[in-house]
Amino acid sequence: MATIDTLRDILVETMDVDAAAVTEDATLDDLGIDSLDMTEIMCEVEDAFDIDFGEPEGLTTVGQMVAHIDSLR
């Protein structure tokens, strides 16, 4: 499964966002994700990908999150 597909599943399940809205160009703000939500998402991402997500700065889009996750794998 592609990284964006797994991330989409996580966002749909944990944040109840519309799956069709989760595109590489979608901003986290557009999806209604705030910094508190990001903490929960990072835990889910770490479990799903078996990585240490860290505390990256400047991630504002789904595409940037995908690139960061891929850089850790």
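Here, every reference points to the structure presented above.
None of the values given here were measured: they were computed from a predicted structure. (Residues numbered from 1 in each chain as written. Predicted model: local features only at pLDDT ≥ 70, side-chain atom pairs only at ≥ 80, totals over all residues. Heavy atoms only, no water.)

## Observations concerning unusual backbone geometry
No. 1: With a phi angle near 55°, D16 is a residue other than glycine that sits in the positive phi range.
No. 2: Along the chain, the position of D16 falls in the loop between α1 (3–15) and α2 (35–49).
No. 3: Phi angles above zero are rare outside glycine, and D50 is one such case at about 55°.
No. 4: Mapping D50 onto the fold places it in the loop between α2 and α3 (62–71). (Helix = DSSP H or I, 4+ residues; strand = E, 2+ residues; numbered from the N terminus.)

## Details of the packing of α1 against α2
No. 1: With their axes 10 Å apart at the nearest point, α1 and α2 run at an angle of 135° to one another. For the element pair α1 / α2, the angle class is oblique. For α1 against α2, the interelement crossing comes out right-handed. Residue-level contacts link T3, T6, L7, I10, L11, T14 and M15 of α1 to D37, E40, I41, E44, V45, A48 and F49 of α2.
No. 2: A per-class count over the contact of α1 with α2 returns eight nonpolar, three polar and three charged. (Axes fitted to C-alpha atoms, helices over the stretch in contact; angles between N-to-C directions. Parallel < 35°, antiparallel > 145°, perpendicular 65-115°, else oblique. Left-handed = near helix turned anticlockwise from the far one by under 90°. Contact = heavy atoms within 4.5 Å. Nonpolar A, V, L, I, M, F, W, Y, C, P; charged D, E, K, R; others polar.)

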